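Residues per chain are reported as follows:
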Amino acid sequence: MKKILYLFIGLALGFALGSPAAQAVEGILAQRCTSPILLNGAHVEIEAYTINGNNYFKLRDIGKAVGFNVYWIAEDRTVQIEMGQPYTGEAPIRTEDVESDLQSEPNASTVDMDAMKKDIVERTNALRAERGIASLTTNDKLMQAAQVRADEMAANSVYSHTRPDGREYTTVTDCKYIGENIHRIADWALQDKTVSEVAVWSWNRSAGHQDNLLDKTYAEIGVGLARGVNDDGYECWYCVQLFLRDGYRITWVDTPAKG
């Protein structure tokens, strides 16, 4: 039994949908072609439709059967056909694309980590200033400890306030009067925003993390950033804030723990 389909084929006929010309061809009757299709005398299975007495095939299906590659290039909005090339349906990777990806790939050696950390501190203090809360000052030992926490999480792909070896985060220094905010941000989730912007924005929208951001008993701050992968294998940033309560000090910082 023939399958009768009513297709909106304005695009297939070279019209933009919604235009007067496209509306004129809406509802054209198409029938699945039942005629045998031969390639060099051999029967092949290719889906085709008969429209107004003409047979229409998908170009990619012909490419698969005959043996040529066809693909779409979005930048140029063109269909490319390469004779003598096996069908893949995908555009070949251009050298300039690879070089561009390598140049744009974020990593610890090509980004200004110190500037990113400074931005996180400034954004945090801006939130505190809006509420009349004293600004936090950076502490070298606390900065070192926050970096240790970021490094050990990234190295072990562990996203937790518990350290990779099972100890609590407070063991990263010799002072237990510290608070911690952590965040793991996949590259795809940044969506043209900075790591600092996304991290502080996210913390400020979470009650527990916001409590640390705005805690009046905290006087000093440290920030750590490290590159790693998340549980799904996506490259990401591990972000850490450590806060030290007023009146306390740190004299020793641990090394990164291993799982």
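Everything that follows concerns the structure shown earlier in this document.
Reading the values: the criteria
Residues numbered from 1 in each chain as written. Predicted model: local features only at pLDDT ≥ 70, side-chain atom pairs only at ≥ 80, totals over all residues. Heavy atoms only, no water. Salt bridge = Lys/Arg side-chain N within 4 Å of Asp/Glu carboxyl O. Helix = DSSP H or I, 4+ residues; strand = E, 2+ residues; numbered from the N terminus. Buried < 20%, exposed > 50% of the residue type's maximum accessible area, 1.4 Å probe, protein only. Pairing = 2+ DSSP bridges. Contact = heavy atoms within 4.5 Å. Axes fitted to C-alpha atoms, helices over the stretch in contact; angles between N-to-C directions. Phe/Tyr/Trp six-rings, centres within 6.5 Å; stacked < 30°, edge-to-face > 60°. Lys NZ or Arg CZ within 6 Å of the ring centre and 35° of its normal.

S.K.: Just to check I follow, could you spell out the pattern of salt bridges for this structure?
M.R.: A side chain of one charge can pair with a side chain of the opposite charge if their charged atoms are brought near each other. Going through the model one piece at a time under the given rule, you end up with twelve salt bridges. Between Arg149 and Glu152 there is a salt bridge, with its nearest N and O atoms 2.7 Å apart. Of this pair, Arg149 and Glu152 both sit in helix H5 (residues 140–156), three residues apart, which is roughly one turn of the helix. Glu152 shares its class with Arg149; the two are buried. Two residues, Asp254 and Arg163, come together in a salt bridge whose shortest N-O distance is 2.9 Å. On the criterion of sequence distance, the pair formed by Asp254 in the segment after strand S12 (235–245) and Arg163 in the loop between H5 and strand S10 (178–186) is long-range, its members being 91 residues apart. Connected through shared salt-bridge partners, Arg149, Glu152, Arg163, Asp165, Arg167, Glu180 and Asp254 make up one network.

S.K.: Where do I start with the sheet that holds S12 in this structure?
M.R.: Pairing between the strands of a sheet comes from backbone hydrogen bonds, and it takes one of two forms, parallel or antiparallel. Judged by pairing direction, the sheet is mixed, and its four strands sit side by side in the order S9-S11-S12-S10 without closing on themselves. The open sheet has two edge strands, strand S9 (137–138) and S10, and neither has a second partner. In terms of strand pairing, S9 meets strand S11 (residues 218–229) through two bridges, oriented parallel. Looking across to S11, one finds that Thr137 is bridged to Glu220. Against the sheet, helix H4 (residues 113–130) engages S9, S11 and S12, with an angle of about 135° to S11. Lying over the sheet, helix H7 (residues 195–204) contacts S10, S11 and S12, oriented at roughly 125° with respect to S10.

S.K.: I tried to follow the packing of aromatic side chains on my own but got confused; where do I start?
M.R.: Each pair of aromatic rings is reported with the distance of its centres and the angle of its planes. On inspection of all chains with the given rule, the structure shows three aromatic pairs. Each ring, one from Tyr218 and one from Phe243, has its centre 5.3 Å from the other, and the planes form 20°; the classification is stacked. A residue pair is termed long-range when its members are at least 10 positions apart, and Tyr218 in strand S11 and Phe243 in strand S12 qualify at 25 residues. Accessibility assignment for this pair places Tyr218 and Phe243 in one class, buried. When the ring centre of Trp237 is taken as origin, the NZ or CZ atom of Arg227, which lies over that ring, is 4.8 Å away.

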